[in-house]
Amino acid sequence: MKDKKVLSGKEPFLINNELQEKTVKDFWAWALSRLLMDGPRGDLAEYIVRMALDEDVETPKRGFGECDILYGDCRVEVKCSSLIQEWEREKPSRPIFSIAKTVNCDIAERDGKYYYVGRDGSEAKRRSDVYVFCLFANINRETANPLDMNQWKFWVASTAKINEVFGDRRSISLGSFKKIDAIECEYCGIKDAVNATYLPCTQKG
């Protein structure tokens, strides 16, 4: 199946080479409608940050890579959490964001094709320049809508500062953001916050 561009949603299922009424859009609706679930919510957060950075959303999401978004020369890692989950809880969740170090990606892209290249044996590390932390902050289930940007909060922090303050730590909470000088912003401020965080890092070099 060609995957250079996102599908339109109109692509039909085939049974014995006969076109069916159901399409890939029906599959998406079935698989991804619960946007508060961890998997779909994480993909949604990455999509939101891509939109904010005016990055490509016409090429399908990769399931691998050493960062989530290449924004020019800046490697951006997107992390997501929520005050409410798909399942009911007596009180809002305590948001936790992963900052765990990772080993190198074992897949490489060359000439538009993907190749298994294995691990290179290098030590685990954080492989981005900037982290964007996304929090779905509406605790009212009656009005919760992850497609409403006003119901999200965002923080942007440099990976260098995370390394300096937290070392090998694997996760952080909201209270940790002040320690890493994270910039809090709304959706429309994500791009400026990423630029403000990344450019000083490059100028130091």
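In this text the structure is predicted, and so the values were computed from the model without any measurement.

**A word on the pairing of strand E4 (residues 74–82)**
Turning to step 1, where the next piece is worked out: Relative to E4, strand E3 (residues 69–71) is paired through three bridges, and the arrangement is antiparallel. In the sheet register, Tyr71 faces E4, and the bridge partner there is Cys74.
Turning to step 2, where the next piece is worked out: Across seven bridges, E4 lies against strand E8 (residues 130–136) in parallel orientation. Directly across from Val78, in E8, lies its bridge partner Val132.

**Focus on the sheet that holds E8**
Turning to step 1, where the next piece is worked out: In space, the five strands of this open sheet follow the order E3-E4-E8-E9-E11, with mixed pairing throughout. The open sheet has two edge strands with one neighbour each: E3 and strand E11 (183–185). Direction aside, the axes of adjacent strands within the sheet are offset by 30° on average.
Turning to step 2, where the next piece is worked out: Examined bridge by bridge, strand E9 (residues 152–158) and E11 share three bridges and lie antiparallel to one another. Opposite Phe154, over in E11, you have Cys185 as the bridge partner.
Turning to step 3, where the next piece is worked out: Where helix H2 (residues 38–52) meets the sheet, its contacts fall on E3, E4, E8 and E9, and the angle it forms with E4 comes to roughly 135°.
Turning to step 4, where the next piece is worked out: Against the sheet, helix H3 (residues 159–166) contacts E8 and E9, and its axis sits at roughly 80° relative to E9.

So, how was this worked out
Residues numbered from 1 in each chain as written. Predicted model: local features only at pLDDT ≥ 70, side-chain atom pairs only at ≥ 80, totals over all residues. Heavy atoms only, no water. Pairing = 2+ DSSP bridges. Helix = DSSP H or I, 4+ residues; strand = E, 2+ residues; numbered from the N terminus. Axes fitted to C-alpha atoms, helices over the stretch in contact; angles between N-to-C directions. Contact = heavy atoms within 4.5 Å.

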